[in-house]
Amino acid sequence: MTKELLNVKMHSIKDCQEVIDEIDNEVLAGEVRYRFAGQKEKFLKELNEKLEQFDSISNALKIGERQTSFHLVQKGTRFGIFSGYGISVIQPIEFLQIIPIHLESNNGFVFIAMNENFKWGILEKKRSGNKETEILPFIFEDINAPTEDIYPGKYYGKWGLYYSRGKEFVIEPQYEDASIIREGLWAVKKEGQWGFVDLFNNIQVPFEFEQVSDFLHGYTHAVLFSFMEDDGEVLINHQGKIVHFKNPQLYDDKYWHGLEVKKSYVNHEEYSYLVNDYGDIVIPKDKYRYLGRFSEGLLAASIDGDKLGFIDIEENIVIPFEYRAERWPDSWDNIFHHGFVTARLDDGKYSKECILINHNNEKVFPHTFRCESLRFSNGRFENWKIGDRFKRNSISLIDLINYQKGKDMSYLIRTDAEVEKELQRRRYAVQEPYEWTEENTWDAMTDGMYGDYPGGDVDYEALGF
């Protein structure tokens with residue numbers, strides 16, 4: 001799973017020289033201290049004074065594959081998190097339990113904590129000053145790893161999705177059990193059976209399984225009947241259909257490692273093909289003029305270099321070749337993120353238009369974007385310019401959820417009148433034409449040498465001009 005108990009050895013503060021040496025080495029590695037005489041002694045004195053506040057301290061925590069400079073500290077029955085590098089407490093020593101949660105989007109992590117009421121939340125210090133702020137309120141019985149600030153949380157015995165920035169549930173608590181969100185699909189349990197819903201709470205995989213895994217490479221392993229000899233395990237795709245691979249190698253996880261698009265050339269024409277870490281050709285050479293990066297089980301593909309669609313790992317057409325291929329596509333174009341991708345229209349009124357679609361080729365937002373594609377970053381699909389209809393040049397996952405829930409979108413979308421007003425503001429042609437006056441002529445000719453414009457016709461030749 002993406003959260004793990006901090007089962008670490010704790011050292012008494014009276015016998016923690018090993019930890020002090022470790023922190024000392026962390027500081028030396030940072031190369032920001034000890035440049036002048038006496039700095040090390042000053043640092044160690046300050047560190048020891050800080051450590052006297054605690055009863056015990058752990059070695060620097062390793063979270064997943066990442067070595068940190070954070071230490072679990074304890075005083076009495078309460079725990080906190082101490083930064084050796086910064087000589088500061090970043091999680092107050094007031095919690096019954098602290099667990100790190102991995103943030104897959106940026107390989108980071110946050111600490112969830114249990115308070116004295118046995119409720120989970122996330123508390124963080126603001127960078128400016130020592131003021132603490134709640135990322136997640138301490139109201140949850142359990143929390144799973146988030147997707148772009150959207151946390152699966154258990155509240156009064158039921159699981160829902162909570163948006164930490166908006167401090168609201170985007171899917172109300174209603175499920176018996178839940179996992180994390182992967183590839184835009186959330187594994188949830190209802191009436192004793194597991195299935196998957198998307199971020200809009202639409203059922204994508206029906207509730208008919210005893211066990212499921214989180215989605216990976218576009219598929220989930222699901223168990224229909226655990227009493228069967230082979231556990232009744234099946235492979236399900238994003239469309240909720242059972243999949244049987246023709247290539248038996250695809251059942252080996254190693255076959256999926258390091259999938260990468262390569263180029264080949266025939267009569268000076270460029271083609272794309274797909275290989276894995278072991279050099280196996282997964283999708284053949286000399287067939288596709290373009291292949292995009294493999295994401296969420298699909299690749300953007302074009303056979304003729306003009307029409308674009310999406311295929312799976314066995315070249316089954318999942319989204320028809322009905323979109324326009326980029327002439328010079330970027331490696332980050334046409335990639336699924338959290339179940340969505342931008343597709344460039346082939347019959348738009350303008351030369352560059354795209355829409356947001358899901359794995360089922362359904363348009364998930366009503367408006368067209370006036371650009372070839374949108375790049376996904378920090379929870380948003382964005383481009384430097386996406387059209388006059390929009391008040392900003394990006395659209396977030398929460399914006400998509402708000403639209404699907406029927407919320408007021410005026411914070412993002414301009415009305416027709418507002419669009420026209422914005423266009424008028426930009427057009428030079430609709431501005432009032434500037435009228436040159438005799439006073440302007442006077443100022444230009446005399447450059448202030450003869451005072452203000454006297455009025456009437458002026459004989460400039462008599463003035464020596």
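Residues numbered from 1 in each chain as written. Predicted model: local features only at pLDDT ≥ 70, side-chain atom pairs only at ≥ 80, totals over all residues. Heavy atoms only, no water.

**Some remarks on the overall build of the protein**
Turning to step 1, where the next piece is worked out: Regarding its fold elements, the protein presents 5 helices and 35 strands.
Turning to step 2, where the next piece is worked out: The burial tally for the protein puts 44% of its 465 residues in the buried class.
Turning to step 3, where the next piece is worked out: Pairs at least 24 apart in sequence give 35% of the contacts found in the protein among residues at least 6 apart.
Turning to step 4, where the next piece is worked out: Surface exposure of the protein reaches about 25700 Å², of which carbon and sulfur atoms provide 46%. (Helix = DSSP H or I, 4+ residues; strand = E, 2+ residues; numbered from the N terminus. Buried < 20%, exposed > 50% of the residue type's maximum accessible area, 1.4 Å probe, protein only. Contact = heavy atoms within 4.5 Å. Areas by Shrake-Rupley, 256 points an atom, 1.4 Å probe, with all protein chains shown as cover.)

**Looking at the sheet that holds strand E35 (residues 394-396)**
Turning to step 1, where the next piece is worked out: An order of E33-E34-E35 is seen for the 3 strands of this open sheet, with the pairing classed as antiparallel. In this open sheet, the two edge strands, each paired with only one partner strand, are strand E33 (375-377) and E35. Between one strand axis and the next, the sheet turns by 30 degrees as a mean value, whatever way the strands run.
Turning to step 2, where the next piece is worked out: Bridge count for strand E34 (residues 380-382) against E35 is 3 bridges, and the pairing is antiparallel. (Pairing = 2+ DSSP bridges. Axes fitted to C-alpha atoms, helices over the stretch in contact; angles between N-to-C directions.)

**Section: the packing of aromatic side chains**
Turning to step 1, where the next piece is worked out: This structure, assessed with the given rule, holds 26 aromatic pairs.
Turning to step 2, where the next piece is worked out: With a centroid separation of 5.3 Å and an interplanar angle of 70 degrees, the aromatic rings of Phe310 and Phe336 are classed as edge-to-face. Pair noted here: Phe310 is in strand E29 (residues 307-311) and Phe336 is in the loop between strand E30 (317-324) and strand E31 (340-344), with a separation of 26 residues, a long-range link.
Turning to step 3, where the next piece is worked out: A residue is classified by how much of its surface remains accessible, and Phe336, at 3% relative accessible area, is buried.
Turning to step 4, where the next piece is worked out: Ring plane angle 65 degrees and centroid distance 4.8 Å describe the contact between Phe376 and Phe381, whose orientation is recorded as edge-to-face. (Phe/Tyr/Trp six-rings, centres within 6.5 Å; stacked < 30°, edge-to-face > 60°.)

**Looking at empty space enclosed by the protein**
Turning to step 1, where the next piece is worked out: Under the counting rule described, the total for this entry stands at 1 cavity of 30 Å³ or more.
Turning to step 2, where the next piece is worked out: Taken as a whole, the largest cavity encloses approximately 70 Å³ of empty space.
Turning to step 3, where the next piece is worked out: Taken together, Trp332, Asp333, Asn334, Ile335, His337, Val341, Thr342, Leu374, Arg375, Phe376 and Phe381 make up the lining of the largest cavity.
Turning to step 4, where the next piece is worked out: Counting only elements with at least two residues in the lining of the largest cavity, the list comes to E31 and E33.
Turning to step 5, where the next piece is worked out: Across the lining of the largest cavity, the residue classes tally to 6 nonpolar, 3 polar and 2 charged. (1 Å grid on protein atoms, 1.4 Å probe; cavity = no way out; pocket = protein on both sides within 12 Å on 5 of 7 lines; lining within 4 Å. Points joined across faces, edges and corners; volume = space filled by probe spheres on them. Nonpolar A, V, L, I, M, F, W, Y, C, P; charged D, E, K, R; others polar.)

**Quick word on the nonpolar core**
Turning to step 1, where the next piece is worked out: If you look at the biggest cluster of nonpolar residues, it comprises 34 residues, and the most contacted ones within it are Trp186, Phe340, Phe365, Phe369 and Ile395.
Turning to step 2, where the next piece is worked out: Elements with a minimum of two residues in this core: strand E14 (158-163), strand E15 (168-175), strand E16 (177-182), strand E17 (185-190), strand E32 (354-358) and helix H3 (397-404).
Turning to step 3, where the next piece is worked out: It is H3 that provides the largest number of residues to this core, a total of 4 residues.
Turning to step 4, where the next piece is worked out: Sequence-distant contacts of Phe365, that is, excluding residues within four places in its chain, are made with Leu356, Phe390, Ile395, Asp399, Leu400, Tyr403, Met409, Leu412 and Ile413.
Turning to step 5, where the next piece is worked out: By size, the runner-up hydrophobic cluster in this structure holds 18 residues, among which are Leu235, Tyr255, Ile283 and Ile311. (Core = buried A, V, L, I, M, F, W, Y, C linked by side-chain atoms within 4.5 Å.)

**Observations concerning the pairing of E29**
Turning to step 1, where the next piece is worked out: Burial of E29 is extensive: 4 of the 5 residues sit out of reach of the surface.
Turning to step 2, where the next piece is worked out: Of the pairings in the sheet, the one linking strand E28 (residues 299-302) to E29 comprises 3 bridges and is antiparallel in character. Opposite Ala300, over in E29, you have Phe310 as the bridge partner.
Turning to step 3, where the next piece is worked out: Bridge count for E29 against E30 is 4 bridges, and the pairing is antiparallel. Paired with Phe310 across the strands is Ile319, a residue of E30.
Turning to step 4, where the next piece is worked out: Linking two consecutive strands that pair antiparallel, namely E29 and E30, is a turn of 5 residues; a positive phi of about 70 degrees is found at Glu315 within it.

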